[in-house]
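This is what each chain is made of:
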Amino acid sequence: MVEPAAQHLQRLAAQLLAKTRHIQQTVDEIEHAKSALEGGTIDRLGLYGTAALLETFYTGVEKAMGRIASVLGGMPEGPMRHRTLL
């Protein structure tokens, strides 16, 4: 029988793996947008989409780090919490 703490860590590992896959997909999309930017084939709407992808990347990384922090002792607090977390 697996102990509850071990089950919690296994669940966390599975969640982080899924989050990592999503982050990698976002990185791939950003690379595609970067190529379009460098090639001059992106319009204003595409530029806004690229900005949204960058925000999605940052948010994904922050959520993954938050899950880890919650297991290791809790989320940081205060005005610098985002910076401390990352």
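Relevant structure appears above.
Help me out: how do you make sense of the overall build of the protein in this one?
Along the backbone of the protein there are three helices and zero strands. When the helices and strands of the protein are listed from N to C terminus, the series reads α-α-α. Relative to its length of 86 residues, the protein is extended, with a C-alpha radius of gyration of 17 Å against a globular reference of 12 Å. Principal-axis analysis of the C-alpha atoms gives the protein an extent of 55 × 35 × 15 Å. Across the 86 residues of the protein, 19% fall into the buried class.

Mind showing me how you'd approach the side chain of E62 here?
Mapped onto the elements of the fold, E62 is located in helix α2 (residues 44–72). Setting aside its immediate chain neighbours within four residues, E62 contacts H82, L85 and L86.

It is not clear to me how α2 should be interpreted in this structure. Could you clarify?
Because an α-helix packs 3.6 residues into every turn, residues spaced three or four apart end up facing the same way. When the terminal C-alpha atoms of α2 are compared, their 42 Å separation across 29 residues agrees well with the 42 Å that a helix rising 1.5 Å per residue should span. Within the sequence span of α2, burial applies to T50, L53, G60, E62, A64, G66 and A69. G73 lies just past α2 and shows a positive phi near 140 degrees.

Rules and cut-offs
Residues numbered from 1 in each chain as written. Predicted model: local features only at pLDDT ≥ 70, side-chain atom pairs only at ≥ 80, totals over all residues. Heavy atoms only, no water. Helix = DSSP H or I, 4+ residues; strand = E, 2+ residues; numbered from the N terminus. Rg over C-alpha atoms; globule rule 2.2 N^0.38 Å. Buried < 20%, exposed > 50% of the residue type's maximum accessible area, 1.4 Å probe, protein only. Contact = heavy atoms within 4.5 Å. Expected span 1.5 Å × (residues − 1).

Keep in mind that these numbers describe shape and distance, not what the molecule does.
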